[in-house]
Amino acid sequence: MTKTSSHTPIHVIGGGLAGSEAAWQIAETGVPVILHEMRGVRGTDAHKTDSLAELVCSNSFRSDDATSNAVGVLHAEMRLAGSLIMRSADANQVPAGGALAVDRDGFSAAVTAALESHPLITITREEVAGLPPEDWDQAIIATGPLTAPSLAAAIQARTGADSLAFFDAIAPIVHTASIDMDICWFQSRYDKVGPGGTGKDYINCPMDEAQYNAFVDALIAGDTTGFKEWEGTPYFDGCLPIEVMAERGRETLRHGPMKPMGLTNAHNPTVKAYAVVQLRQDNALGTLYNMVGFQTKLKYGAQAEIFRLIPGLENAEFARLGGLHRNTYINSPTLLDRSLTLKGRPGLRFAGQITGCEGYVESASIGLLAGRFAAAERLGQTLSLPPETTAFGALLNHITGGHIVSDDEPGKRSFQPMNINFGLFPPLEPGAVVRPEGLKRFRGKDKAVAKKQATAARALEDCARWLGR
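Residues numbered from 1 in each chain as written. Predicted model: local features only at pLDDT ≥ 70, side-chain atom pairs only at ≥ 80, totals over all residues. Heavy atoms only, no water.

What is the right way to read the packing of aromatic side chains from this model?
Centre-to-centre distance and the angle between the planes together describe a pair of aromatic rings. Overall, the coordinates contain 8 aromatic pairs when judged by the stated rule. The interplanar angle of 65 degrees and the centroid separation of 5.4 Å between the aromatic rings of phenylalanine 294 and phenylalanine 307 together place this pair among those described as edge-to-face. With phenylalanine 294 in the loop between strand S13 (288-291) and helix H8 (300-307) and phenylalanine 307 in helix H8, this residue pair connects regions lying 13 residues apart in the sequence. Assessed through its relative accessible area of 0%, phenylalanine 307 is described here as buried. Ring geometry for phenylalanine 422 and phenylalanine 425: centres 5.4 Å apart, planes at 50 degrees, overall tilted. Residue phenylalanine 422 is classed as buried on the basis of its relative accessible area, which comes to 16%. Three or more aromatic residues joined by ring pairs form one cluster here, namely Phe61, Phe107 and Tyr360. It is arginine 254 that lies over the ring of tyrosine 274; its NZ or CZ is 3.7 Å from the centre. (Phe/Tyr/Trp six-rings, centres within 6.5 Å; stacked < 30°, edge-to-face > 60°. Helix = DSSP H or I, 4+ residues; strand = E, 2+ residues; numbered from the N terminus. Buried < 20%, exposed > 50% of the residue type's maximum accessible area, 1.4 Å probe, protein only. Lys NZ or Arg CZ within 6 Å of the ring centre and 35° of its normal.)

Below, the structure written as structure tokens:
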């Protein structure tokens, strides 16, 4: 079919999952798209083909359970919204238990074929070396964590030196409800009340000497992963992995991120802790806390095992585990408005992993939203944001405003890339979780599952209403 339309095209830079989804969503509204992809002209250190939506790492889209898993809820919402990524994944599924895994070549081929055959999509193989020119009045940058250096430099020049991260030092993030507050307590060091603080802004986990030594031994013996060759980023003292600090001397941690000074155990005030692990609120809802100073290169299995040695975290549920790796993402809460538009540059949006989300479906979902927002603007329609109770809205809120500003560490930003998880959703209304009939005891795991199920049901209902379904 002829690629014609009365509307001016919207430009999408980057043919990964986010860019591909954005282009599809725009074209499906009747607005033409020019999709710019540099592979075919210039490769990256991670991609192996020139196909669109190539899966660089795993072939898994993770859980497909839409009843009690946040990723599965996001899958379901994307299907409701007519996602090309989900359609292609479903058509190329391979056995993976409760997860959605795909034949990576078949998946990429399906996305590429759909975009190439769409009458309103033009694919241009070229590198966009700088920010889109001003006459591209509607454009989306969806270039991912391997953004070309020239474009990254242009973004940094426009947004400021501190607005773009090339090195991602991530501490583990824990669901607040899984922390044992019979062991831990709220207190800021020396009861310091900073701007907006109360003097009880941290959760503190105490250790005695034997627990501390066992923890240090476990860290040193833990299974770690090295940098990928293409990352090429050395450690620097500002964010040393915690296991590297442990290797530098047995007392290093208790004079660094685990120092006990200025803290009094509310459950046992007369006994001074030998070391203390602190967790700091990570999102505005207070449902997530991050482990201060615990960036790590431990493998995920080792992290969960070792960090659950910490008193109070024996049953910790992790919203994400820690890591250090090369990444390119912008400080979205500062730079983007709620419609993913760069403040000060109307019509220029960002999408995908560069905005500070992680995971295939998370990146694609932000591409989906950016595409819908751009198309609505082009068509002169009123912009409709997804409710924060949906997976779409929860992830969008995290990216554009769900972070906490750190007052006690000037210059440090709390915003970090994250996968979708129930900790990003607003709490349920009182009474939303009802004890199942015939169940005498309703707490612990049973109640946690019921809360997830209620949150998932609310999300899908609100998403369908938002989409007009």
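Here the narrative resumes.
So what exactly am I meant to see when it comes to the environment of leucine 115 here?
In this fold, leucine 115 is placed in helix H4 (residues 104-117). Those residues in contact with leucine 115 that sit more than four places away from it in its chain are Ser20, Ala23, Trp24, Leu35, Leu52, Leu84, Ile121 and Ile123. (Contact = heavy atoms within 4.5 Å.)

Looking at this structure, I do not really get the sheet that holds strand S10 (residues 185-186). What am I missing?
Across a sheet, strands are paired by hydrogen bonds formed along the backbone, either parallel or antiparallel in direction. Reading across the sheet, the 6 strands line up as S10-S11-S12-S13-S9-S14 and stay open at both edges, with antiparallel pairing between neighbours. If you trace the sheet from one side to the other, it starts and ends with S10 and strand S14 (318-320), each paired once. Where S10 and strand S11 (residues 202-207) come together, 2 bridges link them in antiparallel fashion. Looking across to S11, one finds that phenylalanine 186 is bridged to isoleucine 203. Along the sheet, helix H6 (residues 209-221) makes contact with S11 and strand S12 (275-281), crossing S11 at roughly 95 degrees. (Pairing = 2+ DSSP bridges. Axes fitted to C-alpha atoms, helices over the stretch in contact; angles between N-to-C directions.)

Explain the pattern of salt bridges here, please?
In a structure, side chains of opposite charge can pair up when their charged atoms sit close to one another. Taken as a whole, this structure holds 13 salt bridges when the rule is applied. The partner of arginine 62 in a salt bridge is glutamate 362, with the nearest N and O atoms 2.5 Å apart. Here arginine 62 is found in strand S3 (residues 60-63), whereas its partner glutamate 362 is found in helix H10 (residues 360-378), with 300 residues between them in sequence. Arginine 62 gets classed as partly exposed once you look at its relative accessible area, which sits at 27%. A salt bridge links arginine 254 to glutamate 251, with the shortest nitrogen-to-oxygen separation between them at 2.8 Å. (Salt bridge = Lys/Arg side-chain N within 4 Å of Asp/Glu carboxyl O.)

Looking at this model, I keep getting lost on the nonpolar core. Mind explaining?
Note on soluble globular proteins: their nonpolar side chains tend to be buried together. Among the nonpolar cores identified, the biggest contains 82 residues, and Phe61, Phe107 and Ile420 are the most heavily contacted of them. At 10 residues, the largest contribution of residues to this core is made by H10. Leaving out residues up to four positions away in the same chain, phenylalanine 61 has contacts with Leu17, Leu55, Val71, His75, Ile85, Met86, Ala89, Leu100, Val102, Phe107, Tyr360 and Val361. Core analysis: the second largest hydrophobic core is formed by 36 residues, Ala171, Ile203, Met245 and Ala316 among them. (Core = buried A, V, L, I, M, F, W, Y, C linked by side-chain atoms within 4.5 Å.)

Would you take a moment to explain the environment of leucine 131 for this structure?
Considering the arrangement of structural elements, one finds leucine 131 in the loop between strand S6 (121-125) and strand S7 (139-141). Here the alpha-carbon distance between leucine 131 and arginine 158, two residues 27 residues apart in the chain, equals 8.6 Å. When sequence neighbours within four positions are dropped, the list of residues in contact with leucine 131 reads Ile141, Leu151, Ala154, Ile155, Arg158, Arg345 and Leu348.

I tried to follow H4 on my own but got confused; where do I start?
The periodicity of an α-helix, 3.6 residues per turn, causes residues three or four places apart in sequence to face the same way. An ideal rise of 1.5 Å per residue puts 20 Å on 14 residues; H4 measures up with 20 Å between its terminal C-alpha atoms. Residues Phe107, Ser108, Val111, Thr112, Ala114 and Leu115 constitute the buried set of H4. Burial along H4 is one-sided: seen end-on, the buried residues are contained in an arc of 165 degrees. Exposed residues on H4 whose side chains face more than 90 degrees from its buried face are Asp105 and Ser117. On its buried face, H4 is in contact with helix H1 (17-28), strand S2 (33-37), S3, helix H3 (84-91), strand S5 (99-102) and S6. Where H4 starts, the residue carrying a side-chain oxygen 3.1 Å from the main-chain nitrogen of aspartate 105 turns out to be aspartate 103. (Expected span 1.5 Å × (residues − 1). Arc of directions from axis to C-beta. Polar contact = N/O pair within 3.5 Å; in protein donor to acceptor, adjacent residues only side chain to side chain.)

What exactly am I supposed to notice about the packing of H3 against H4 here?
Between two packed helices, what matters for the description is the angle formed by their axes and the separation of those axes. Contact geometry for H3 and H4: axes closest at 9 Å, N-to-C directions at 135 degrees. Here H3 lies oblique to H4, going by the angle between them. The chirality of how H3 crosses H4 is right-handed. Every residue of H4 that contacts H3 at Leu84, Ile85, Arg87, Ser88 and Ala89 is listed here: Phe107, Ala110, Val111, Ala114 and Leu115. Across the contact of H3 with H4, the residue classes break down as 8 nonpolar, 1 polar and 1 charged. (Parallel < 35°, antiparallel > 145°, perpendicular 65-115°, else oblique. Left-handed = near helix turned anticlockwise from the far one by under 90°. Nonpolar A, V, L, I, M, F, W, Y, C, P; charged D, E, K, R; others polar.)

When you look at the environment of glutamate 127 in this model, what are you seeing that I'm missing?
As for its position among the elements, glutamate 127 is in the loop between S6 and S7. Between the C-alpha atom of glutamate 127 and that of glutamate 37, which follows or precedes it by 90 residues, the distance is 6.6 Å. At a separation of 3.1 Å, a polar atom in the side chain of glutamate 127 contacts the side chain of serine 150.

What is shown is where atoms sit, not what they do.
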